[in-house]
There are 4 protein chains.
Amino acid sequence: MLDELRARVLAANLALPENHLVKLTWGNVSGVDREAGMIAIKASGVSYAAMTTDDVVLVSLDTGEVVHGDRRPSTDTPTHLVLYREFQSVGGIVHTHSTWATAWAQANREIPLLGTTHADLTADPIPLARALTSAEVADGYEEATGRILIEAVDGRPDERPCALVPGHGVFCWGPTPHRAVENAVTVEEVARLALLTTVLDPKARPLDDVVRDKHHERKHGPHSYYGQP
Amino acid sequence: MLDELRARVLAANLALPENHLVKLTWGNVSGVDREAGMIAIKASGVSYAAMTTDDVVLVSLDTGEVVHGDRRPSTDTPTHLVLYREFQSVGGIVHTHSTWATAWAQANREIPLLGTTHADLTADPIPLARALTSAEVADGYEEATGRILIEAVDGRPDERPCALVPGHGVFCWGPTPHRAVENAVTVEEVARLALLTTVLDPKARPLDDVVRDKHHERKHGPHSYYGQP
Amino acid sequence: MLDELRARVLAANLALPENHLVKLTWGNVSGVDREAGMIAIKASGVSYAAMTTDDVVLVSLDTGEVVHGDRRPSTDTPTHLVLYREFQSVGGIVHTHSTWATAWAQANREIPLLGTTHADLTADPIPLARALTSAEVADGYEEATGRILIEAVDGRPDERPCALVPGHGVFCWGPTPHRAVENAVTVEEVARLALLTTVLDPKARPLDDVVRDKHHERKHGPHSYYGQP
Amino acid sequence: MLDELRARVLAANLALPENHLVKLTWGNVSGVDREAGMIAIKASGVSYAAMTTDDVVLVSLDTGEVVHGDRRPSTDTPTHLVLYREFQSVGGIVHTHSTWATAWAQANREIPLLGTTHADLTADPIPLARALTSAEVADGYEEATGRILIEAVDGRPDERPCALVPGHGVFCWGPTPHRAVENAVTVEEVARLALLTTVLDPKARPLDDVVRDKHHERKHGPHSYYGQP
């Protein structure tokens, strides 16, 4: 089971450069096995080009200690752990500095809901977490980053699968590592569409509520008819 | 015949990611066999990477029922059917959220005719369909999308091969699925050129009518001399 | 000799999609053999993916008639011929609608000389040809396009290797088809740099004359020390 | 030893087109062997596609004379030499006209520190060197370029691994040629993020100092915990 988790987390990490979401060693994906009480996460600062399952570290969900692997886990591991403990439905988490999403994060703006591509992902704007206080940065920076993400999505990770950290980048999650990466791909394109729309019209209006809800419901609602049964 | 149609529709769908017009499972291409009274269309929510002819579904042009294939057709199938029934000369239809065209759709602006690349495609701006009413969204959303596209091109699909749906994306058509995809490639580049031109000059003037007509006529007119005889 | 010319012109045409300067069948490269009085040019409307030397047509420099090949030459052939007849030092010509250069052409603006990348290509702005008159468009459109390009570079093709046609695209030339393509690659990047610079500062000042001349001279002057002897 | 240096410098040069930092023959990477008193640098004006170690020239750190190789070294060699003589900790240097960094250089603006991606590279803005005087351009242009870079980073190459030359491009350095290229990749993405942020908010505020210092310290400080021990 844990070998399979590590293989899936490896594949999800490799999907980041394939989808042009990361450069060099930036970004990380994790997955959780709740029965085993363990998460698997990319090692810190390793290159995607030569990455193997040896670069996927097992960490205790409870204590945060490395359980398997010779490498240091991602420096962002405490953020992932905080999110997994709070978001019981989440099976995978992705963090990137993907270009267009990060531009919104650096501009300290949430991503407005301007089209159906966005509505297919979530019925809300992509929220911008609040700034960390100096005390939070000084002591337990990575854990605090997890807490402001939980605040930003109002504790509703299924309805809000992505959030921006101001001046930093984006976190996404989903039921599996693979689905979390799909959300990261989507939010990056949504961010790009929104920025280009803003260039054409700085006061672009949000998508009509009825169209927004229609798109969201046909993909995610109880009577969804998108995809295969 | 229908096997060949499905193969062509498969190839046209695979051309979407090759031309960077779609991400993940977004977008769809269909083709029609008017003698058989059948359209072939991509299944809903399937990945391009592993797509085979099994993911191309045959649907009755008349009733909209699935005639062949185990999969659900694209959720946009009713839009395609409405267009095929109205546009007798059309043999293939493409829908994408391609980035630059969608930016114009999200900004609720038609794409102005600013250059000869655009004039080679059509002698008119790329029209923006009107917004759907709440009633249209609530009941028969996809069919209504077809109807506003017909309105947007004023019933002239040969002269106006593409149109934007506000807040959503773009539809293109042509005599074959392959030609419809070529129009989708072209409108995306036309949208990109127009947006970058607008950055340089927000009040950029339309192309001179005489140059516009010259380009359009040398490619599409009765005395066309572009391409091979 | 003519076989070699056709092979070189084929290779130069294939370099256009490799360098992301064209989509579909757009763009064309030609080369000249002045002794034979012949130019070789891409056939009209053929796809780059399957292009062979059969798609490179030989045309008389003097009469404009097809001398070898079953295909129609590019519709822009008369423009190329006018330029070859006037520019005796030129051995190859490229026409594209490459994205960033075309944005300047559609905005009806010359490309200002904002940096050393530009100065390495030419010591002048990339000129914008004047608009064609209605009479010129109506009768001999493609020849007239050649004439406004000659005007735009003031008859100095070696100092001014590229020029924009308003609302249309860019033409470049050089001593060989290969060098003409290098100029087309360079002008596209110069156009992109200038547009992004303009986004940061709409009133960006031209490069200092002394730096401009230094860069241009070290690459093209009589005491050039760039490249291999 | 020198063979290995040349092989490393070759690999670092080849990484430039792989990372989309150069076009045609532009850009260059060098490395130094301080014991041997020698630098290895790309030959001037050679193509990346066919580059071999024969295109990597050995030059005396002391005299600037070519010690090994048939080719002329990069025209920017004197700039590299000036930097190596001053920056004792530096083992590799890269020069490019990478698109987004060069846009800032052409706009004559330093790159403001707007996010953690930037802070992971350096705790300061990416400085813009002062303009060269006419006298400096006329006599010893390339050496003078080295001197203004030293001024721009205030003699602290470890804290400031990159600097812009106005109207020109960017230089980066690091302990090895490979690390210098990583810095060039990073500064290009930082420049892109900053430009897109500026489009969204022309008055975007710099990153909070406490977050900036936290990121910089966790990667580069004495108690760094990023990467593998």
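Structural data are supplied above this passage.
Residue numbering note: each chain is counted from 1, following its sequence as written. To label them, take the chains in the order written and letter them from A, then take the ligands in the order written and number them from 1. In view of the model being predicted, local features appear only for residues whose pLDDT reaches at least 70, and side-chain atom pairs are presented and counted only at 80 or more, with totals across whole chains, interfaces and linings using the full set of residues. With hydrogens and water stripped out, all remaining heavy atoms of the structure feed into the side-chain values.

Draft legend 1. Geometry of the environment of Met1 of chain A. Here a helix means four or more residues in a row that DSSP labels H or I, a strand means two or more in a row labelled E, and each is numbered from the N terminus. Positionally, Met1 of chain A belongs in the segment before helix H1 (2-18). The spacing of Met1 of chain A and Gly31 of chain A is 30 residues in sequence and 12 Å in space, taken between C-alpha atoms.

Draft legend 2. View of the sheet that holds strand S5 (residues 92-96) of chain A. All names here are of chain A. Should DSSP find at least two bridges between two strands, the strands are taken to pair. The strand order across the open sheet built from 7 strands is S4-S3-S2-S1-S5-S7-S6, with neighbouring strands paired in antiparallel fashion. Two strands bound the open sheet, and with one partner strand each, they are strand S4 (66-68) and strand S6 (162-165). Strand-to-strand twist of the sheet, defined as the mean angle between neighbouring strand axes without regard to direction, takes the value 25°. Bridge count for S6 against strand S7 (residues 169-174) is 4 bridges, and the pairing is antiparallel. Considered in S7, the bridge of Cys162 is made with Cys172. Note on definitions: a residue-residue contact is assigned when non-hydrogen atoms from the two residues lie within 4.5 Å. Axis definition: a line fitted to C-alpha atoms, over the contacting stretch in the case of helices. Angles run 0 to 180 degrees between N-to-C directions. Contacts from helix H3 (residues 99-106) reach S6 and S7 within the one sheet, and its direction differs from that of S6 by about 55°.

Draft legend 3. Local environment of the packing of aromatic side chains. Any two rings among Phe, Tyr and Trp, with Trp reduced to its six-membered ring, count as a pair given centres within 6.5 Å; such a pair is stacked if its planes are under 30 degrees apart, edge-to-face if over 60, and tilted if neither. Applying the stated rule across the entire model yields 4 aromatic pairs over all chains. Look at Phe87 of chain A and Trp173 of chain A: their rings are 5.2 Å apart centre to centre, the planes differ by 50°, and that puts the pair in the tilted class. With a gap of 86 residues between them, Phe87 of chain A in the loop between helix H2 (77-86) and S5 and Trp173 of chain A in strand S7 connect regions that are remote in the sequence. The buried category is assigned to Phe87 of chain A, whose relative accessible area is 2%. Note on criteria: charge over ring means Lys NZ or Arg CZ within 6 Å of the ring centre, with the direction from the centre no more than 35 degrees off the ring normal. Stacked on the ring of Tyr226 of chain C, the Lys or Arg Lys219 of chain C has its end atom at 4.6 Å from the ring centre. Three labels apply to residues, based on accessible area from a 1.4 Å probe with only protein chains included: buried if under 20% of the type maximum, exposed if over 50%, partly exposed otherwise in between.

Draft legend 4. Representation of the pattern of salt bridges within the structure. Here a salt bridge means any side-chain nitrogen of Lys or Arg lying within 4 Å of a carboxyl oxygen belonging to Asp or Glu. Scanning all chains against the criterion turns up 44 salt bridges over all chains. One salt bridge in this structure joins Glu142 of chain A and Arg218 of chain D, with 2.7 Å as the shortest N-O distance. Pair noted here: Glu142 of chain A is in helix H6 (residues 141-152) and Arg218 of chain D is in helix H8 (residues 209-220), and the two residues belong to different chains. Residue Arg160 of chain C pairs with Asp124 of chain C through a salt bridge whose shortest N-O separation is 3.0 Å. Taken as a pair, Arg160 of chain C in the loop between helix H6 (141-152) and strand S6 (162-165) and Asp124 of chain C in the loop between helix H4 (116-119) and helix H5 (134-138) lie far apart in primary sequence, 36 residues in all.

Draft legend 5. Focus on the relation of the copies chain D and chain C. Only residues with pLDDT of at least 70 in both copies contribute their C-alpha atoms to the least-squares superposition of the copies. The transformation that overlays chain D on chain C combines an axial shift of 0.0 Å with a rotation of 90°, and the residual RMSD is 0.0 Å. Here the copies are linked by what is in effect a four-fold axis. For chain D, the residue whose C-alpha comes nearest the rotation axis is Val199 of chain D, separated from it by 5.4 Å. Here only 3% of the contact residues of chain D are again contact residues in chain C; the copies associate through non-equivalent surfaces.

Draft legend 6. Seen up close, a nonpolar patch on the surface. Among the surface-exposed residues, Val199 of chain A, Val199 of chain B together with Val199 of chain D lie close enough to one another that they form a single nonpolar patch of about 160 Å² accessible area. With respect to the helices and strands, the residue Val199 of chain D is situated in helix H7 (residues 177-200). A relative accessible area of 31% places Val199 of chain D in the partly exposed class. Note that patches include only residues with greater than 30% relative accessible area and no salt bridge, and the join distances are 9 Å for like charges and 5 Å for nonpolar side chains (Val, Leu, Ile, Met, Phe, Trp, Tyr). Using a 1.4 Å probe, accessible areas were evaluated by the Shrake-Rupley method; residue-level cover was limited to the displayed protein chains.

Draft legend 7. Focus on the relation of the copies chain B and chain C. Placing chain B over chain C gives an RMSD of 0.0 Å and needs a rotation angle of 90°, together with 0.0 Å of translation along the axis. The fraction of interface residues of chain B whose copies in chain C are also interface residues is only 3%, indicating that the copies meet through different surfaces.

Draft legend 8. Broad picture of the interface of chain B and chain C. Taken residue by residue, the interface counts 31 residues in chain B and 31 residues in chain C. By buried area we mean the combined loss of accessible area, with a 1.4 Å probe, across both parts when two parts are placed together. Between chain B and chain C, roughly 2,900 Å² of surface is buried when both sides are summed, and carbon and sulfur atoms account for 57% of that area. In terms of surface lost to chain C, no three residues of chain B exceed Leu200, Tyr226 and Gln228 of chain B, which account for 22% of the buried area on that side. Run the count over chain B and chain C and you get 2 salt bridges. Elements supplying a minimum of two residues to the side of chain B that touches chain C: helix H4 (116-119), helix H7 (177-200) and helix H8 (209-220) of chain B.

Draft legend 9. Quick look at the interface of chain D and chain C. Taken together, the contact pairs 31 residues of chain D with 31 residues of chain C. Summed over both sides, the interface of chain D with chain C buries roughly 2,900 Å², with 58% coming from carbon and sulfur. Of all residues in chain D, Trp26, Arg72 and Gln106 of chain D bury the most surface against chain C, accounting for 23% of the area lost on that side. At the junction of chain D and chain C, the tally comes to 2 salt bridges. Counting of polar contacts relies on pairs of N or O atoms within 3.5 Å, with two restrictions inside protein: one atom must be capable of donating a hydrogen and the other of accepting it, and residues adjacent in sequence are counted only when both atoms are side-chain atoms. Put simply, chain D and chain C have 15 residue pairs in polar contact (both at pLDDT 80 or more) between them. For the side of chain D that touches chain C, the elements supplying multiple residues, two or more each, are helix H3 (99-106), helix H5 (134-138), helix H6 (141-152) and H7 of chain D. If one sorts the elements of the side of chain D that touches chain C by residue count, H3 of chain D sits on top with 6 residues.

Draft legend 10. Layout of the arrangement of the chains. Across all C-alpha pairs, the smallest distance from chain A to chain C is 11 Å, and the two are not in contact. Between chain B and chain D there is no contact, and the shortest C-alpha to C-alpha separation is 11 Å.

Draft legend 11. Summary view of helix H1 (residues 2-18) of chain D. Residues and elements named next belong to chain D. Multiply 1.5 Å by the residue count of a helix minus one, and that product is the helix's expected span. Between the first and last C-alpha of H1 there are 24 Å, a value that for 17 residues agrees with the 24 Å anticipated at 1.5 Å per step. Listed as buried for H1 are Leu5, Arg6, Val9, Leu10, Ala12, Asn13, Ala15 and Leu16. Against strand S1 (28-33), strand S2 (38-42), strand S3 (56-60), strand S4 (66-68), strand S5 (92-96) and H7 lie the buried residues of H1. A positive phi of about 60° marks His20, the residue just after H1.

Draft legend 12. How the structure looks around the side chain of Thr96 of chain B. All names here are of chain B. One can find Thr96 in strand S5 (residues 92-96). For Thr96, a relative accessible area of 1% puts it in the buried group. Within the structure, Thr96 has its side chain in polar contact with the backbone nitrogen of Ser98 (distance 3.0 Å).

Draft legend 13. Expanded view of the packing of helix H1 (residues 2-18) of chain C against helix H7 (residues 177-200) of chain C. Residue and element names in this part refer to chain C. Direction vectors running N to C along H1 and H7 enclose 15°, while the axes themselves pass 9 Å from each other. Taken together, the axis directions place H1 and H7 in an arrangement best described as roughly parallel. As H1 runs across H7, the sense of the crossing is right-handed. Here Val9, Ala12, Ala15 and Leu16 of H1 lie close against H7, whose contacting residues are Pro177, His178 and Val181. Roughly parallel means an angle under 35 degrees; roughly antiparallel means over 145; roughly perpendicular covers 65 to 115; every other angle is labelled oblique. In this scheme, a crossing is called left-handed if the near helix is turned counterclockwise away from the far one by less than a right angle; it is called right-handed if the turn is clockwise.

Draft legend 14. Broad picture of the pairing of S5 of chain A. All names here are of chain A. Burial runs high along S5: 5 of the 5 residues are buried. Residues Gly92, Val94 and Thr96 of S5 are buried on one face, and the alternating residues Ile93 and His95, pointing to the opposite face, are buried as well. Inspection of the sheet shows S5 paired to S7 by 5 bridges, in the antiparallel sense. Bridge pairing links Thr96 to Val170 in S7.

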